[in-house]
Every structure is written in structure tokens, then in C-alpha cells.
Amino acid sequence: MRQGETVNAPELLRAGLDAHGRGETAAAIDLFARATGEAPTLADAHYLLGAALSGAGRDTDALGPLERAVALGPQVAAYRGALALCLKGLGRLEQARAAFEIARALAPGDVAIAFNRANALEGEAAIAAYGEVLTLDPAHAGARMNLANALARAGRWAAARDGFAALPGDPRALVGLAGAHLSLGAPARARGAARAALRLAP
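Residues numbered from 1 in each chain as written. Predicted model: local features only at pLDDT ≥ 70, side-chain atom pairs only at ≥ 80, totals over all residues. Heavy atoms only, no water.

So what about the pattern of salt bridges? Which residues, and what values?
Within the structure shown, the criterion is met by 11 salt bridges. Between Arg58 and Asp61 there is a salt bridge; the shortest N-O distance is 3.1 Å. The partner of Asp162 in a salt bridge is Arg161, with the nearest N and O atoms 3.1 Å apart. Through salt bridges with shared partners, a single network forms among Glu101, Arg104, Arg117 and Glu132. (Salt bridge = Lys/Arg side-chain N within 4 Å of Asp/Glu carboxyl O.)

As C-alpha cells, this is what we get:
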């Protein structure tokens, strides 16, 4: 895009997405911000700006654009999910959870929304939510790991052991497995899991 060239909002968004794909976050944010100026009622422009800012750790700056995207497109699950992530990043957990519930209702089969929602929950609610993610995507390693950790925190060691054991190639899971074996009174198995973890990540 040449300096001084006249462009419309969709072209700015395409250029911003290209920049973001190249890892040029600052340039992408600038292009998305320009697009919001060119088309103030284009929800995607506010969404992409907010998502890029949030992804860069600038949740305070991201909040306004994401709220604007939701106001313009209240039935779009991706906007709600991005707003929920931003609110979570700001520590506004109750609001984040409420936003995730709306996003989940709008797109019940969206794995990313389901996983992010689970990450915002605690205790038995988180355990149930990670189970929902695995129902949608049984191969979701992040959900399986986080579920096992949630089960361990809840003292449900047998279930946690089984969850960690389902991830034999992950040294973090093997460390968790060692802890589960110890809690279940199986020190020899715990030592075996710990040795396996060290072999993967010496």
C-alpha cells in the first residue's frame, strides 16, 4: 500500500490481516484503526482492531472496539468471545463468564469459544466445561491437560491420573501423572512417570 493511496475499509482490513499474518502487529493495528475511521459502522473493523489489541496484551485499549463490535453485531459469536477474552484479561471475571455464556449459546459447536470459556471457570464448573470441549473435539490436548489439572486440584486423583496418562508425550502431563500416583499411594509408578518426564525434557 503506497503512501497517500486512497483505499476503502475492506482493503484496509485485508492489508491488516496480511500484516498480522506476517507478525507485524503494530502495522496491523494501525490498518484496522484506519478501517474503523473509514467505516465506523463496520463491525468487523472494530472486532479485528480489538482482537489485535487484546492479542498484543493491550486489553484496556481493546475493550472499546470490542464493545463497539458487539453493539453492531450482537448475534456474532466471535465478537462475544473476543470481548469475553478481553474482559478476562482485565480481571473482570464475572463479566467475562457472562459474555462467554452468550457466545456459547450463539455458537454451541465452536471449540475455541468452549475452551476459552472453560479456562475462565473454576472447580466443578471448569471440569464440566472441559468435558464439553472434549465432547466437541476428543483430540483437544489443551482441554485434556487442563481437565486433568482441574481434577487434581479438586482431589479427584484417580480421574486426574487417567487424564494425565492420556498425554504420554507431554512432560507436563507426566509430572502431573507422577503427582497423581504419589497421591494414590503408588510411589514406584510416580518415580517411573517422573523419569519419563525427564527423558522428554531433561
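Tell me about the packing of helix H9 (residues 141-153) against helix H10 (residues 157-165), residues and numbers included.
Closest axis-to-axis distance for the H9/H10 pair is 8 Å, and the angle between their directions is 160°. Comparing their axes, H10 and H9 come out roughly antiparallel. The hand of the H9/H10 crossing is left-handed. Contacts from Arg144, Met145, Ala148, Asn149, Leu151 and Ala152 of H9 reach H10 at Trp157, Ala159, Ala160, Gly163 and Phe164. (Axes fitted to C-alpha atoms, helices over the stretch in contact; angles between N-to-C directions. Helix = DSSP H or I, 4+ residues; strand = E, 2+ residues; numbered from the N terminus. Parallel < 35°, antiparallel > 145°, perpendicular 65-115°, else oblique. Left-handed = near helix turned anticlockwise from the far one by under 90°. Contact = heavy atoms within 4.5 Å.)

Please give an account of the environment of Leu72 that cites residues and values.
Tracing the backbone through its elements, the reader meets Leu72 in helix H4 (residues 59-72). Given a relative accessible area of 30%, Leu72 falls into the partly exposed group. Residues Leu72 and Thr41, spaced 31 residues apart in sequence, show a C-alpha to C-alpha distance of 6.9 Å. Apart from residues no more than four positions distant in its own chain, Leu72 is found in contact with Pro40, Thr41, Leu42, Ala43 and His46. (Buried < 20%, exposed > 50% of the residue type's maximum accessible area, 1.4 Å probe, protein only.)

Explain the environment of Ala129 residue by residue, including any values.
Of note, Ala129 is situated in helix H8 (residues 123-136). For the pair Ala129 and Ala33, spaced 96 residues apart in sequence, the C-alpha separation works out to 35 Å. Look past the residues within four positions of Ala129 in its chain and what remains in contact with it is Arg117, Ala118 and Leu121.

Hey, could you go over the packing of aromatic side chains for me, with residue numbers and the actual values?
In the structure shown here, the tally under the stated rule is 2 aromatic pairs. On the numbers, 5.1 Å between centres and 40° between planes, the contact of Tyr47 with Tyr79 is tilted. With Tyr47 in helix H3 (residues 43-55) and Tyr79 in helix H5 (residues 77-89), this pair connects stretches of sequence that are 32 residues apart. Residue classification places Tyr47 among the partly exposed positions, given a relative accessible area of 21%. We classify Tyr79 as buried; its relative accessible area is 7%. A ring pair is formed by Phe115 and Tyr130, whose centres lie 6.3 Å apart and whose planes are at 55°; its orientation type is tilted. Note that Phe115 is positioned in helix H7 (residues 111-119) and Tyr130 in helix H8, a separation of 15 residues in sequence. Judged by relative accessible area, Tyr130 falls into the buried class, the value being 5%. (Phe/Tyr/Trp six-rings, centres within 6.5 Å; stacked < 30°, edge-to-face > 60°.)

So, the packing of H3 against H4: which residues are in play, and what are the values?
With their axes 7 Å apart at the nearest point, H3 and H4 run at an angle of 155° to one another. The orientation of H3 with respect to H4, classified from their angle, is roughly antiparallel. Where H3 crosses over H4, the handedness of that crossing is left-handed. Contacts between H3 and H4 involve Ala43, His46, Tyr47, Leu49, Gly50, Ala51, Leu53 and Ser54 from the first element and Asp59, Asp61, Ala62, Pro65, Leu66, Arg68, Ala69 and Leu72 from the second. Split by residue class, the contact of H3 with H4 holds 10 nonpolar, 3 polar and 3 charged. (Nonpolar A, V, L, I, M, F, W, Y, C, P; charged D, E, K, R; others polar.)

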